[in-house]
Amino acid sequence: MTANFSCLAADGFYLAVEPLFLHENREDVTALHCKIVCLIQNGSFKEALNVMNTQTKVLGSEVVFEKAYCEYRLNRVESALKTIESATEQTDKLKELYGQVLYRLERYNECKAVYTDLIRNSQDEYEEERKTNLAAVLAAMSQWEKASKEDLGLPELTYELCYNAACALIGQGQLTEAYNKLQKAEELCRLSLADDSDVTEEDIESELAIIHSQMAYVMQLQGRTDEALQLYNQVIKLKPSDVGLLAVTANNIITINKDQNVFDSKKKVKLTNAEGVEYKLAKKQLQAIDFNKALLSMYTNQADQCRKLSSSLQTQNPGHPRPVLIQVAQLCREKQHSRAIELLQQFSDQHPESASGIKLTMAQLYLIQGHVTKACDVLRSIKEFKHKPGMVSALVTMYSHEEDIDGAIEVFKQAIEHYHSEQPGSAAHLALVREAANFKLKYGRKKEAISDLEQLWKQNKKDVHTLAQLISAYSLVDTDKAKSLSKHLPSADTMSFNVDVDELENSHGATYVRKKAAKVTGEILPKEQGEGDVRKKRKKKKGKLPKNYDPKSTPDPERWLPMRERSYYRGKKKGKKKEQIGKGTQGAMAGASAELDASKTASSPPTSPRPGSATGSSATVGSNVAPPRQQKPASSGASRKKAPQKKKKSGKGGW
């Protein structure tokens, strides 16, 4: 907001004023006022406020607006409110500032009244800004207080007004209309900035960043998360100067990532910690960011950090169930379900007004542990949902799973009594009665189903199906009553419907289609007596027999059973050990070692002369006789060369 000061001065005016006037007369009201205005124009709000506080007696009520404005710009909103309310006269500029303060304090109804009064009773060049602020108030009421849409006849001639109208539509859940309105705001923004030659394309994109971020939010709500994520990242890359916009965009990216891409989420969460964010966003926005920080700590396995953040949130919001649910989720990740249930029960006892969602979570945890009856007891204790059709269905299913038919029937009974007193004859009431009757008939409780069936039949006397069920139930209790009711059944003639049988058989749902006889063009000859239709018989194919089939032998009666299940199966016979392959020295083969041994073959001559035989003579050796070992020669001076051999260790350590 731009202050409309009564005494405007140039930036250097203070330098000329102070030596001339304040040096000689430090209590001159006009000079002090000019000094304060100059300090505000230079952005020195603290210094200006100090001057006003030290010269309170001299200035008096002359600078009430300036003091309140400095407090507002220093984010001392409560002090600014007190200063404005203490003013003796409420001028237009004080009302303008009063509206801004009320908006920051989220007192939207009072703020709306202030701007409505200003628009009605003032005519100047700031009318468009006031209408924009009023549209922002309506959008905030729609989003944060879920107020119904109020048409004040505000025009949508500027992109700011169009943007605020789109935000109001988002609060009402009209997402498609809101997206179209945001597209219109984008067009108006481009048109308004295109005429200015000093504005670059980067400046235009920076101005459009808030519109694009809101468009991405609408896409996210519509389930178009990929498109939304792409647009969010485009806004982040622009690095807009608005820290509030950056924080909201980064938070929404974190919500899309959830438990995936946590490293990107840890980078984005830093943008939510920027300085001054708490003064730019509403309380619910800051609260949502804090909740997401705690959840991100849980997803990144920072258990202590998660507990610390959730405990702090619970202290700040004692009646809000979400901090407790985050703590419970962390305990469940640590497999501490009993402790989680205790925490939920404790919160439920302390805050019964917020216990409905907590009790649903308790029931879920009981089901995880297998305590179905306890889960049913918890669900039946939720008064808001006790008689809802969905809750009745869940309870009946769980009681049926536990084979507690009486408990399920009691649930039906209480729900029917509730609707009979609150909404008699409604669609939900009759649907529950019919489901109760069908349930009792399913489990053989025909006597108990009679009252429900009679109630349904009285509502619709033409319901033949219900009447048939009622007669069937009475047949076990009172046959006379069943006979009297059977008179109300329609006769066979009235029950015969005009159905085209051929069309029914040719329909898609028919399982058997009768083939129509082919029309014969020509005279049909009468059949002679004794002549009948001769149908062609299909030739039966002979079954294939196994190759070793013997027609004389009796087939094995256990041939259809697996071999292991037959009575005569004794297990596999242990055969000879297979040749050990891969054992021994490298390259050695057990099977081929004998074949490659030249000393064991009959045809190969000895490689060295036998002892006692003449040199050059060859002795033949039988094929089964192994040659004698070669004697070690006596030690002599002459040395003999030996072929290299591999070393083998003996038991005594010798060679």
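Conventions and cut-offs
Residues numbered from 1 in each chain as written. Predicted model: local features only at pLDDT ≥ 70, side-chain atom pairs only at ≥ 80, totals over all residues. Heavy atoms only, no water. UniProt positions renumbered as here; feature names shortened; annotations may be inferred. Salt bridge = Lys/Arg side-chain N within 4 Å of Asp/Glu carboxyl O. Buried < 20%, exposed > 50% of the residue type's maximum accessible area, 1.4 Å probe, protein only. Axes fitted to C-alpha atoms, helices over the stretch in contact; angles between N-to-C directions. Helix = DSSP H or I, 4+ residues; strand = E, 2+ residues; numbered from the N terminus. Parallel < 35°, antiparallel > 145°, perpendicular 65-115°, else oblique. Left-handed = near helix turned anticlockwise from the far one by under 90°. Contact = heavy atoms within 4.5 Å. Nonpolar A, V, L, I, M, F, W, Y, C, P; charged D, E, K, R; others polar. pLDDT = per-residue confidence, 0-100. Polar contact = N/O pair within 3.5 Å; in protein donor to acceptor, adjacent residues only side chain to side chain.

- The name given to the protein in an unreviewed UniProt entry is Signal recognition particle subunit SRP72, and the organism recorded there is Cynoglossus semilaevis.
- Within the UniProt record for the protein, the comment given under Function (unreviewed entry) is "Component of the signal recognition particle (SRP) complex, a ribonucleoprotein complex that mediates the cotranslational targeting of secretory and membrane proteins to the endoplasmic reticulum (ER)."
- Comment text from UniProt for the protein, heading Sequence similarities (unreviewed entry), reads "Belongs to the SRP72 family."

Notes on the pattern of salt bridges
Okay, so step 1: Applying the stated criterion to the full structure yields 16 salt bridges.
Okay, so step 2: The closest approach of N and O atoms between R107 and E110, which form a salt bridge, is 2.8 Å.
Okay, so step 3: For R107, a relative accessible area of 29% corresponds to the partly exposed category.
Okay, so step 4: Overall, E110 belongs to the partly exposed group, its relative accessible area being 34%.
Okay, so step 5: Sharing partners across several salt bridges, the network here consists of E186, R190, E201 and E205.

Let's talk about the packing of helix α17 (residues 303–316) against helix α18 (residues 322–333)
Okay, so step 1: Between α17 and α18, the least distance of the axes is 8 Å, while the angle of their chain directions is 160°. With respect to their mutual orientation, α17 and α18 come out roughly antiparallel. Two packed elements cross with a definite hand, and for α17 against α18 that hand is left-handed. Facing α17, whose interface residues are A303, C306, R307, S310, S311, L313 and Q314, α18 presents P323, V324, I326, Q327 and Q330.
Okay, so step 2: For the contact of α17 with α18, a count of residues per class yields 6 nonpolar, 5 polar and 1 charged.

Some details on the confidence of the model for the protein
Okay, so step 1: Model confidence for the protein is summarised by a mean pLDDT of 79, while 77% of its residues fall at 70 or above.
Okay, so step 2: Between residues 1–22, whose pLDDT stays under 50, and residues either more than four places distant or in other chains, the model counts 39 contacts.
Okay, so step 3: Here residues 608–655 is a poorly scored stretch, pLDDT under 50, and it has 13 contacts once near neighbours within four places are set aside; other chains count.

Points about the UniProt feature "repeat: TPR" (unreviewed entry) in the protein
Okay, so step 1: On the UniProt side, "repeat: TPR" (unreviewed entry) is annotated at positions that read residues 209–242 here.
Okay, so step 2: Along residues 209–242 one finds 79% helix and 0% strand; the C-alpha atoms at either end are 10 Å apart.

Focus: helix α5 (residues 64–73)
Okay, so step 1: For α5, the tally of buried residues reaches 8 of 10 residues, placing the bulk of the element in the interior.
Okay, so step 2: Buried-residue contacts for α5 involve α2 (29–41), α3 (45–54), α6 (77–85) and α7 (92–104).

Some details on unusual backbone geometry
Okay, so step 1: One non-glycine residue, E106, lies in the positive phi region at around 60°.
Okay, so step 2: Within the secondary structure layout, E106 lies in the loop between α7 and α8 (108–121).
Okay, so step 3: For E106, a relative accessible area of 22% puts it in the partly exposed group.
Okay, so step 4: You will see that K239, though not glycine, has its phi angle at about 50°, which is positive.
Okay, so step 5: Within the fold, K239 resides in the loop between α13 (225–238) and α14 (243–257).

Quick look at the environment of A185
Okay, so step 1: Locating A185 in the fold gives a position in helix α11 (residues 175–194).
Okay, so step 2: C-alpha of A185 to C-alpha of N164: the two residues are 21 residues apart in sequence and 9.4 Å apart in space.
Okay, so step 3: If we ignore the near neighbours within four places in the chain, the residues touching A185 are Y159, C162, Y163 and I211.

Concerning the packing of α11 against helix α12 (residues 201–221)
Okay, so step 1: Where α11 meets α12, the axes come as close as 10 Å, and the angle between the chain directions of the two elements is 175°. Put simply, α11 runs roughly antiparallel to α12. The residues of α12 that touch α11, namely those facing L175, Y179, L182, Q183, A185, E186, C189, R190 and L193, are E201, I204, E205, E207, L208, I211, H212, Q214, M215, V218, M219 and L221.
Okay, so step 2: Here the residues of the contact of α11 with α12 sort into 13 nonpolar, 3 polar and 5 charged.

Topic: the side chain of N251
Okay, so step 1: Turning to its location among the elements, N251 is positioned in helix α14.
Okay, so step 2: Other than its neighbours up to four places away in sequence, N251 contacts T272, A288, I289 and N292.

A look at the side chain of H351
Okay, so step 1: Mapped onto the elements, H351 comes out in the loop between α19 (337–350) and α20 (355–369).
Okay, so step 2: For H351, a relative accessible area of 15% puts it in the buried group.
Okay, so step 3: One polar contact links the side chain of H351 to the main-chain carbonyl oxygen of P318, over a distance of 3.1 Å.
Okay, so step 4: Look past the residues within four positions of H351 in its chain and what remains in contact with it is P318 and G319.

Description of the environment of I409
Okay, so step 1: Along the polypeptide, I409 turns up in helix α23 (residues 405–422).
Okay, so step 2: On the basis of relative accessibility, which here comes to 12%, the residue I409 falls in the buried class.
Okay, so step 3: Taking C-alpha positions, I409 is 9.6 Å from A437, a pair spaced 28 residues apart along the chain.
Okay, so step 4: Beyond its immediate chain neighbours, meaning those up to four positions away, I409 contacts F439, K440, R445 and E448.

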